[in-house]
Amino acid sequence: MAWDFSTEPEFEKKLEWIRWFRAERVAPLDLVYPDRAFHPLDEETGPVVRALKQQVRDQGLWAPHLGPELGGRGFGQLKLALINIFDIRRGERRMVLRKPPEKVPPGRNETMLREFRVLNALGGTEVPHPEAIAVCDDTDVIGSCFYLMGHVNGWSPMNTDGWPEPFKSDLSLRPGLAYELVEGIAKLGNVDWRAQGLEGFGRPDGFHDRQVDRWQAHLAKFRFREIPGLDAAAAWLRTHRPRHWEPGIIHGDYQFANVMFKHGAPAELAALVDFEMATVGDPLLDLGWVVMGWPNADEDRDAAGRYADYTGMPDRADIIEHYAKVSGGMSPTSTTT
């Protein structure tokens, strides 16, 4: 099928609305809340963000990153980098167009192409994901690379006010959300990435050997103070690299914010989304990212400082065990020296 990627008037109207929305509704918040960079939403800022999110929805756009906290850096204290996700409808078919921001950051066009490549590779696997439909690498069409993916019928924790029913009132259903979450990356890590066309997508050889130096170099670009214990932590990580691991697809930013669930109970993943940080390496890093900030039942689970309420969720050990069971691999605790 040949796809016509010419820019239609309706699409241009959406782009114009986004420009207006950023300039007139979002940017002024930098002046209203100058000292709230990355501050959790509260009784004052929460209603402001929810009202802005509703304005975006009213335009038929999807803004999952309008919150859960105030941000900054020229975006009016809101995370608007991914506002440019468009609901596209042609007859009975519903699709989503994904593109970088209007002012394309360095490397973001390439990121769009990599993300589409991952979605395309996941076709025919057990990993729930949006369908990869078409991609355009010609930046002259709309000013950036972009791609079309299938619409996912489900809900995102980033686009709801707390857990939706029945998970909001029935705590016995919440463990299912957690187990489905880790099942997603267990299945992702098991994909035969070579057979799915991802040879050369990442550099698994020496993957762990590069990590500490890579992230320390990244930190050095914006580090402005000493961080107690950083050198000791780096030294520990260098000497405790995993002994046994199998390369697999890594999502790169795996959490409740980057999955969608099907409507209703019991919990069931509808799709893993936002693969812009994906690569081929050690899949256990995705699991580590999930459990790093996961509070146990005897720890602080107050939802005020988090975008998700962990009340009723299983403990870290439980989701690690479930991951090991689904992935068919050894326990993550047995892979390091």
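A quick note: this is a predicted structure, and the numbers were derived from the prediction, not measured.

Chemist: Which parts of the structure should I look at to understand the nonpolar core?
Modeler: Nonpolar side chains in soluble globular proteins generally cluster together in the buried interior. In this structure, L177, F256 and W294 are the most contacted members of the largest nonpolar core, which totals 47 residues. Contributing elements (two or more residues each) for this core: α4 (108-121), β4 (146-150), α5 (174-189), β6 (259-261), β7 (269-272), α8 (284-292) and α9 (316-327). With seven residues, the top contributor of residues to this core is α5. Those residues in contact with L177 that lie beyond four places of it in its chain are W155, W163, F167, F256, F261, A267 and M313. Listed in part, the 18 residues of the second largest apolar core include L52, M95, L97 and I133.

Chemist: How should the state of the cysteines be read in this particular structure?
Modeler: Structurally, a disulfide amounts to a covalent bond that connects the sulfur atoms of two cysteines. If you walk through the whole model with that rule in mind, you get zero disulfides. In this structure C136 is a free cysteine whose sulfur lies 7.0 Å from that of C145, the closest cysteine sulfur available.

Chemist: I tried to follow the packing of helix α6 (residues 207-220) against helix α7 (residues 230-239) on my own but got confused; where do I start?
Modeler: Between two packed helices, what matters for the description is the angle formed by their axes and the separation of those axes. α7 packs onto α6 with a crossing angle of 155° between their chain directions and a minimal axis gap of 10 Å. In this view, α6 runs roughly antiparallel relative to α7, as classed from their interaxial angle. Two secondary-structure elements touch here, α6 through V212, D213, Q216 and L219 and α7 through L230, D231, A234, L237 and R238. Of the residues belonging to the contact of α6 with α7, the class tally is five nonpolar, one polar and three charged.

Chemist: Just checking my understanding: could you explain the confidence of the model for the chain for this structure?
Modeler: Interpretation of the predicted coordinates at a detailed level should be avoided for regions scoring low in pLDDT. Per-residue pLDDT for the chain has a mean of 83; in total, 82% of the residues score no lower than 70. Long-range and interchain partners of residues 63-83, a stretch whose pLDDT sits below 50, account for 81 contacts in this model, where long-range means more than four residues apart.

Chemist: For this particular structure, what's the right way to read the sheet that holds β4?
Modeler: In spatial order, the strands read β1-β2-β4-β3; together these four strands make up an open sheet with antiparallel pairing. At either end of the open sheet lies a strand with only one pairing partner, and these are β1 (85-90) and β3 (132-136). Each neighbouring strand pair of the sheet contributes to a mean axis angle of 25°, computed without reference to strand direction. Here α4 sits on the sheet and contacts β2 (93-98), β3 and β4; the angle it forms with β3, its principal contact strand, is near 155°.

Chemist: Explain unusual backbone geometry here, please?
Modeler: Outside of glycine, negative phi angles account for most residues, and trans bonds account for most peptide bonds. Cis geometry is found at the peptide bond from E165 to P166, where omega equals 5°. Within the secondary structure, P166 sits in the loop between β4 and α5. The phi dihedral of D274 falls on the positive side, at around 60°, and the residue is not glycine. The residue D274 is located in the loop between β7 and β8 (279-281) in this model.

Chemist: Please explain the pattern of salt bridges as it appears in this structure.
Modeler: Pairing between side chains of opposite charge can happen when their charged atoms approach one another. Applying the stated criterion across every chain, the model contains ten salt bridges. Among the ionic pairs, R98 bridges to E115, the shortest N-O distance being 3.1 Å. Residue R98 is located in strand β2, and its partner E115 is located in helix α4; the two are separated by 17 residues in the primary sequence. Each member of the pair, R98 as well as E115, carries the same accessibility label: buried. Ionic pairing is found between E299 and R316, a salt bridge with its closest N-O pair at 2.9 Å. Of this pair, E299 sits in the loop between α8 and α9 while R316 sits in helix α9, and the two are 17 residues apart along the sequence. The exposure class assigned to R316 is partly exposed, which follows from its relative accessible area of 25%. One salt-bridge network, in which partners are shared between bridges, spans R98, E115, D274 and E276.

Conventions adopted
Residues numbered from 1 in each chain as written. Predicted model: local features only at pLDDT ≥ 70, side-chain atom pairs only at ≥ 80, totals over all residues. Heavy atoms only, no water. Core = buried A, V, L, I, M, F, W, Y, C linked by side-chain atoms within 4.5 Å. Buried < 20%, exposed > 50% of the residue type's maximum accessible area, 1.4 Å probe, protein only. Helix = DSSP H or I, 4+ residues; strand = E, 2+ residues; numbered from the N terminus. Contact = heavy atoms within 4.5 Å. Disulfide = S-S within 2.5 Å. Axes fitted to C-alpha atoms, helices over the stretch in contact; angles between N-to-C directions. Parallel < 35°, antiparallel > 145°, perpendicular 65-115°, else oblique. Nonpolar A, V, L, I, M, F, W, Y, C, P; charged D, E, K, R; others polar. pLDDT = per-residue confidence, 0-100. Pairing = 2+ DSSP bridges. Salt bridge = Lys/Arg side-chain N within 4 Å of Asp/Glu carboxyl O.

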